[in-house]
Amino acid sequence: MTGTIDEFKKLVDAEEFFQFFNMSYDLEVVNVHRLHILKKFSQYMQEIDDNSPDLNQKEKLNQYSLALQKAYQVFIESTAHEQKLFKVFNDKPKNVVTLTEITSD
């Protein structure tokens, strides 16, 4: 990896992050889980920033690279519904009665 933090901060698309870190990836996995991978990656980056504020640029980018690999791996082994990263997966539907809520008298 030869990029800088400034170059990293300009990246937007999932593919750009994988290319920046010179990581191979399955385009089908990225197409299906793009937002979830980026959200998980963002959470991991925040943990790195919070827990290791004294890392130099190279160390930070190395940690970010590992974080992207980890986020990608999560969605190879799991589903977006199982991870529940977004509010929509955590909200209970309104005006819906689930079978588990029905009891017989």
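Residues numbered from 1 in each chain as written. Predicted model: local features only at pLDDT ≥ 70, side-chain atom pairs only at ≥ 80, totals over all residues. Heavy atoms only, no water.

- You'll find the chain entered in an unreviewed UniProt entry as Nitrogenase-stabilizing/protective protein NifW, with Nostoc flagelliforme FACHB-838 given as the organism.
- According to its UniProt record, the chain has this under Function (unreviewed entry): "May protect the nitrogenase Fe-Mo protein from oxidative damage."
- Taken from UniProt, the Sequence similarities (unreviewed entry) comment for the chain reads in full: "Belongs to the NifW family." (UniProt positions renumbered as here; feature names shortened; annotations may be inferred.)

Section: the overall build of the chain
- Scanning the chain from N- to C-terminus turns up 6 helices and 0 strands.
- Secondary structure elements of the chain, listed N to C terminal, follow the sequence α-α-α-α-α-α.
- Burial analysis of the chain (105 residues in total) assigns 32% to the buried set.
- Taking contacts inside the chain between residues at least 6 apart in sequence as the whole, the part at least 24 apart equals 58%. (Helix = DSSP H or I, 4+ residues; strand = E, 2+ residues; numbered from the N terminus. Buried < 20%, exposed > 50% of the residue type's maximum accessible area, 1.4 Å probe, protein only. Contact = heavy atoms within 4.5 Å.)

Focus on helix α4 (residues 57-77)
- Taking 1.5 Å as the rise per residue, α4 with 21 residues should run 30 Å; its terminal C-alpha atoms sit 30 Å apart, in good agreement.
- Along α4, the residues that are buried comprise Lys60, Leu61, Tyr64, Ser65, Ala67, Leu68, Ala71, Tyr72, Val74 and Phe75.
- The N-cap residue of α4 is Asn56: its side-chain oxygen and the backbone nitrogen of Lys58 are 3.0 Å apart. (Expected span 1.5 Å × (residues − 1). Polar contact = N/O pair within 3.5 Å; in protein donor to acceptor, adjacent residues only side chain to side chain.)

Here we look at the nonpolar core
- By size, the foremost hydrophobic cluster in this structure holds 24 residues, and its most contacted members are Phe8, Phe18, Phe21, Ile37, Phe41, Tyr64 and Leu68.
- Of all the secondary-structure elements, those providing two or more residues to this core are α1 (5-9), α2 (14-20), α3 (27-51) and α4.
- Ranked by residues supplied to this core, first place goes to α4 with 8 residues.
- Beyond its immediate stretch of four places on either side in the chain, Phe41 contacts Phe8, Phe17, Phe21, Tyr64, Ala67, Leu68 and Ala71. (Core = buried A, V, L, I, M, F, W, Y, C linked by side-chain atoms within 4.5 Å.)

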